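# Coordinate analysis (summary)
In case you want the letters, here they are:
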Amino acid sequence: MITFSEVGASAGEVCGTIHVDGQSFAVWFKVTGARVEATAEAFTAMALPVAMSRGLDVESPGPLDAGFRRNLDAWQQILATWYPDRLVPVDIVAGSRRPQKQARGRACFFTGGVDSFFSALRHLDSIEALVFVHGFDVPLVELPDLRDAVTAGVRTAAAELGKPLVEVETNLHDFSDAMASPWGTTYHGAALAGVAHLLVQSFGEILIGGTYTYS
């Protein structure tokens, strides 16, 4: 079973330890430009692809929104349909809570690439901010020059689009690598969902640029 410990948030930072079948990994997030909350939904989403690849149930670090809990079953069925040789649905052990009042803000994940530019431009009038995650597409420490160039480009693009930029720095990609959960196929969507659920105090909806249709 996958479990969690030391999950918490303070002063724009979130951290928590994920325990996977005898292995432990401390994940952290540093956020500027938005409020953060260490939600059980965020950590459950981060763990799910790893759990499905190993056939391990997940014990959530807290009660889950009832709608989120129901949607996890549909999410797992979709992922298992896409990757039947890699992923199997697992059980989520968690209590239920009623939906909390959501923030009204709307944002869009943004990397400066074609997909996220399309999404940002298409919904420019309805989004209030762009969200860029350091450590997802570009490693935090291995390629400092590339990271600096990408960061400068994203900040310039956000300014020209007239939207504030929320920046998130995290080692979550390292967790994916350590658990042999392939980032480019089965993990990156869950990583984005996890970050979105950390920002629920600021945004009730965050858009993600599409890759493939369900079919």
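Worth saying up front: this structure is predicted, and the values here are computed from it rather than measured.

Rules of the game
Residues numbered from 1 in each chain as written. Predicted model: local features only at pLDDT ≥ 70, side-chain atom pairs only at ≥ 80, totals over all residues. Heavy atoms only, no water. Salt bridge = Lys/Arg side-chain N within 4 Å of Asp/Glu carboxyl O. Helix = DSSP H or I, 4+ residues; strand = E, 2+ residues; numbered from the N terminus. Buried < 20%, exposed > 50% of the residue type's maximum accessible area, 1.4 Å probe, protein only. Phe/Tyr/Trp six-rings, centres within 6.5 Å; stacked < 30°, edge-to-face > 60°. Lys NZ or Arg CZ within 6 Å of the ring centre and 35° of its normal.

## A look at the pattern of salt bridges
Inspection of the entire model under this criterion finds five salt bridges. Notably, a salt bridge pairs E41 with R97, separated by 2.6 Å at the nearest N-O pair. With E41 in helix α1 (residues 40-54) and R97 in strand β7 (residues 96-97), this pair connects stretches of sequence that are 56 residues apart. What makes R97 partly exposed here is its relative accessible area of 23%. Across the pair R155 and E167 runs a salt bridge, and its minimum N-O distance is 2.8 Å. You can see R155 sitting in helix α4 (residues 144-161) and its partner E167 sitting in strand β10 (residues 165-170), a full twelve residues away along the chain. The class of E167 is buried, set by a relative accessible area of 12%.

## Some words on the packing of aromatic side chains
The geometry of two aromatic rings is summed up by the distance between their centres and the angle between their planes. Taken as a whole and judged by the stated rule, the model has six aromatic pairs. Considering the side-chain rings of F136 and W183, the 4.8 Å spacing of their centres and the 65° angle between planes classify their relative orientation as edge-to-face. Of this pair, F136 sits in the loop between β9 (129-134) and α4 while W183 sits in helix α6 (residues 183-198), and the two are 47 residues apart along the sequence. Since its relative accessible area comes to 13%, W183 is described here as buried. On the numbers, 6.2 Å between centres and 65° between planes, the contact of F175 with Y187 is edge-to-face. Of this pair, F175 sits in helix α5 (residues 172-178) while Y187 is found in helix α6, placing the two residues twelve residues apart along the sequence. Judged by relative accessible area, which is 0%, Y187 ranks as buried. Members of the aromatic cluster, connected to one another through ring pairs, are F25, F136, F175, W183 and Y187. Looking at K30, its charged tip hangs above the ring of W28, at a distance of 5.2 Å from the centre.

## Regarding unusual backbone geometry
The residue E6 is not glycine, and still its phi comes out positive at about 55°. Given a relative accessible area of 66%, E6 falls into the exposed group. At A180, a residue that is not glycine, the phi angle is positive and equals roughly 55°. Residue position: A180 is located in the loop between α5 and α6.

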